[in-house]
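Summary of structural features
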Amino acid sequence: MLLFKIFMVLTAFSMPIDTDNSLERPSVSGVISDATTGETLIYANVYIRGSQSGTTSTSSGFYSFTNLEAKTYVFQFTYVGYTPVEREVTLEPGQRLRLDIQLTPSNLLLEEVVVRADANREEARNIGTAQVTTQLIRDLPAVLQAAVFRSVQLLPGVKAASDFSSGLYVRGGGPDQTLILLDRTTVYNPSHFFGFFSTFNPDAIKDVRLYKGGYPAEFGGRLGSVLDIYNKDGNRMETKGVVSLGMLSSRAMIEGPYTRGSYMLAVRRSTIEPLLAALRGSVDTVPDKFYFYDINGKLNFDLNQNNRLSFSFYGGEDNVNFPFGDDLEFNLKYGNRTFSSNWTSIHSDRLFTTVTATASQYFNEPEFSFGGTTFERNNTIWDYSLKVDAEWMANDKHTLKAGVWSGDMNLELIDRFDNSESLRSIINTQYLNAYIQDEYKITPRFKVNAGARLSYFSKGDYLRVEPRLTLEYSPDPALRLQAAYGRYNQFLTLITSEAFSGFDVWLTTDKGVPPSWGDQFVMGAKVYPVQGYNIEAEVYYRTMKDLFELDPRLPDAAGVDYAELFRFGDGYAYGFELMLEKSSGRLNGFIGYTWGVTRRRFQGYNKDRFFPPKYDRTHDVNIVANYMLSRKWKSTAVFSFATGQAFTEVLGRTEISDPFGIGTTTPVTVGRVNASRLPDYHRLDVGLTRSGQIFRDKKTEFQIQIINLYSRRNIWFYQFDLDENPAVRSEVPLLPILPTLSYTVYF
């Protein structure tokens, strides 16, 4: 009932305000889409030539100009990688012009190659915002499989824990501080292959957008950042598809139109089983069974020109069986399933709404068997939600967004030892979020985005208010000065391992376990000296209060009060980010640099002093370069350098005599927590792509990629001999040189 009342109020906003004869003022609105596929273009740019008036399309491709004058205008429509379009229109008093625009992809061969951004994009130039195109994801050298998260990790402010982890560590935050959305649905464990790469199939993805910090009130639920991913809608013009064969996995995708809309279906499955079968018997600890798969689908149904329904789903699973000798065996199954239905509606040239219903499931089911004794775990999350959002263009100065997101979450954790239940934790909670924000264009050069978010979490009965503010001043079209502030709350915490994400467990707040919260302050400047060259710099400072995580010193959770399971602390992070980018020409790419510091402190740990978490890296540099060798050959190179990770050094043993006995004890002596550093990390990956054709009209791509070209033996961690001599350590390395091949056919 509450959602219905709010929706009716927002719908009432569609009535124009009769100020300055606004009813007589004409308007222009419409949807921007791809001319070859019919896919809506997210955050495309629209400008009025000869003025500083401009806007961007919504996540559904809708744009609007209101309160115009009755005269002739020239509208310019641009989007990265597409040929710009101009439309001249003459408006009459009171006219409501519907102007849908289709943009044609540019020729991405020798004349102009766009990697990630250009000077025309508005939304991705907002403070703390970055976009990664699916073309870049496919082009970058990757370990056996193109991966969304591996590409995101190259952006300034985003750090990778290791070669084996696809976790996102954004501006000093851990993986649980990043909200991950797929078609507006929360994904709780977006990883495959023990965390080696993400679950998102690049063939199915339309848009990947990262909000690194200072993001507006429409997002919430996490302390740090938001990764917003949208699936393709499906080609509305003709049936198309792709089949790709790789060393680790193979994938296929088909999309096309039908009488009332479009569809898309993409599948991916591991193909490593023949290699494992060949190694089995000659190499120890080769799994008896290992496979993973995922499937993405989307169906769009056009009710009419102004109303569209879409249904999307994702399902993915990893399944592995490891034998360790004759008596020990390990089995694991984990994965995600999501579903969302979305109703987008254009009520008028002023009001645009979306209503979204979602369902998300995460599960992991490990099983250990030793000498006939078994340990089993059933860990499941169910999350159902309903979300209503509205965007109202009140006039040429004010654009209001408001929305409500309500849901029910169930977290179940059950352990069984030798067929007897040893732990049962079932947490059910409801949540409610409401927000409102106003983008106010005070002058053509100065705008403000002010908003607030209200968050309620029933487990513990917590209510929090989160103010948000963004300022932007453009003294020149080629320069944007920006600042942002926001308060953020988080009601969940994640128990995970960098080495392996298949055991991830989420826990919530409760009585005595307050939500984490923090403030973020961001300032930035974006300079576009000439077309195709971009310079972006940002500084940030963020606090983290009331952090809660499972106490590692707790010997046994059985019988312990919920609040006593956790240790509580705080932290902070600050840093500087720089992006230098050349986005067009035969040679293009970017250089990203991050200088960052992050610290944590927990009560009763490390003498209550701040310490760097393992993923703290002072310096981080990524260089990405693409070069078109010819019309058929393209090369890509990625060089990464980072300060070595923090670790705690083992110093040796201390011999202590027992004054009441005849024996002695020899406990291990360690240095300060994470006060030591691994050697610096650096790696060069290269790739070659050859474009061709088969059967005359089927485009093909053959990729040769080499990971770690000069075989740098980067260190993952040190292993200490705690039995004999703790001062003796051995190195556990990361990836050696690794060649990969793939062959893709587009039809």
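The following refers to the structure shown. (Residues numbered from 1 in each chain as written. Predicted model: local features only at pLDDT ≥ 70, side-chain atom pairs only at ≥ 80, totals over all residues. Heavy atoms only, no water.)

Focus on the pattern of salt bridges
To be explicit about the condition: For this document, the term salt bridge refers to a Lys or Arg side-chain nitrogen within 4 Å of an Asp or Glu carboxyl oxygen. Segments assigned H or I by DSSP are reported as helices when at least four residues long, segments assigned E as strands when at least two residues long, and all are numbered from the N terminus. Throughout this description, buried means an accessible area under 20% of the type-specific maximum (1.4 Å probe, protein chains only), exposed means over 50%, and partly exposed covers the range between.
A complete count under the given rule lists 33 salt bridges for this structure. The partner of Glu538 in a salt bridge is Arg171, and the shortest N-O contact between them spans 2.5 Å. Of this pair, Glu538 sits in strand S34 (residues 533-550) while Arg171 sits in the loop between strand S11 (169-170) and strand S12 (178-182); the two residues are 367 residues apart in sequence, bridging distant segments of the chain. As far as the burial class goes, Glu538 and Arg171 line up, both buried. Asp233 serves as the salt-bridge partner of Lys206, at 3.1 Å between the closest nitrogen and oxygen. Of this pair, Lys206 sits in strand S16 (residues 205-211) while Asp233 sits in the loop between strand S17 (225-231) and strand S18 (240-246), and the two are 27 residues apart along the sequence. The class for Asp233 is buried, based on a relative accessible area of 6%. Residues joined by salt bridges that share partners form a network here, namely Glu39, Asp183, Lys206, Asp233 and Lys298.

Observations regarding the environment of Leu471
Applicable threshold: Note on definitions: a residue-residue contact is assigned when non-hydrogen atoms from the two residues lie within 4.5 Å.
Of note, Leu471 is situated in strand S29 (residues 462-476). Residue classification places Leu471 among the partly exposed residues on the basis of a relative accessible area of 32%. Each C-alpha atom, one on Leu471 and one on Asn410, is 39 Å from the other, the two residues being 61 residues apart in sequence. In contact with Leu471, not counting residues within four places along its chain, are Phe446, Lys447, Val448, Leu481, Gln482 and Ala483.

Topic: the sheet that holds strand S3 (residues 54-56)
As a reminder of what qualifies: Strand pairing requires that DSSP identify at least two bridges connecting the strands. Inter-axis angles, ranging from 0 to 180 degrees, are taken between N-to-C directions of lines fitted to C-alpha atoms, where helices are fitted over the stretch in contact.
Strand order in the open sheet formed by four strands is S3-S2-S5-S6, and the pairing between neighbours is antiparallel. Edge strands, defined here as strands with exactly one partner in the open sheet, are S3 and strand S6 (85-90). Averaged over neighbouring strand pairs, the angle between their axes works out to 20° when direction is ignored. Strand direction decides the pairing type here: strand S2 (residues 45-48) and S3, joined by three bridges, are antiparallel.

Brief notes about the packing of aromatic side chains
Rules: Aromatic rings from Phe, Tyr and Trp, taking only the six-membered ring of Trp, are treated as a pair when their centres fall within 6.5 Å; an angle between ring planes under 30 degrees marks them as stacked, one over 60 as edge-to-face, and anything in between as tilted. Whether a charge sits over a ring depends on NZ of Lys or CZ of Arg being within 6 Å of the ring centre and within 35 degrees of the ring normal.
Throughout the structure, instances matching the rule amount to 29 aromatic pairs. When the ring of Phe457 is compared with that of Phe491, the centres are 4.9 Å apart and the planes differ by 10°; the resulting orientation is stacked. Linking Phe457 in strand S28 (residues 446-457) with Phe491 in the loop between strand S30 (479-490) and strand S31 (492-495), this pair joins segments that are 34 residues apart in sequence. Residues Phe457 and Phe491 agree in their burial class; the two are buried. Here the aromatic cluster, defined as three or more aromatic residues joined through ring pairs, consists of Tyr63, Phe65, Tyr73, Phe75 and Phe77. For the cation-ring pair, Arg617 lies above Tyr681, with the distance from its terminal atom to the ring centre recorded as 5.8 Å. Taking NZ or CZ as reference, Lys699 lies 5.4 Å from the ring centre of Tyr746, over its face.

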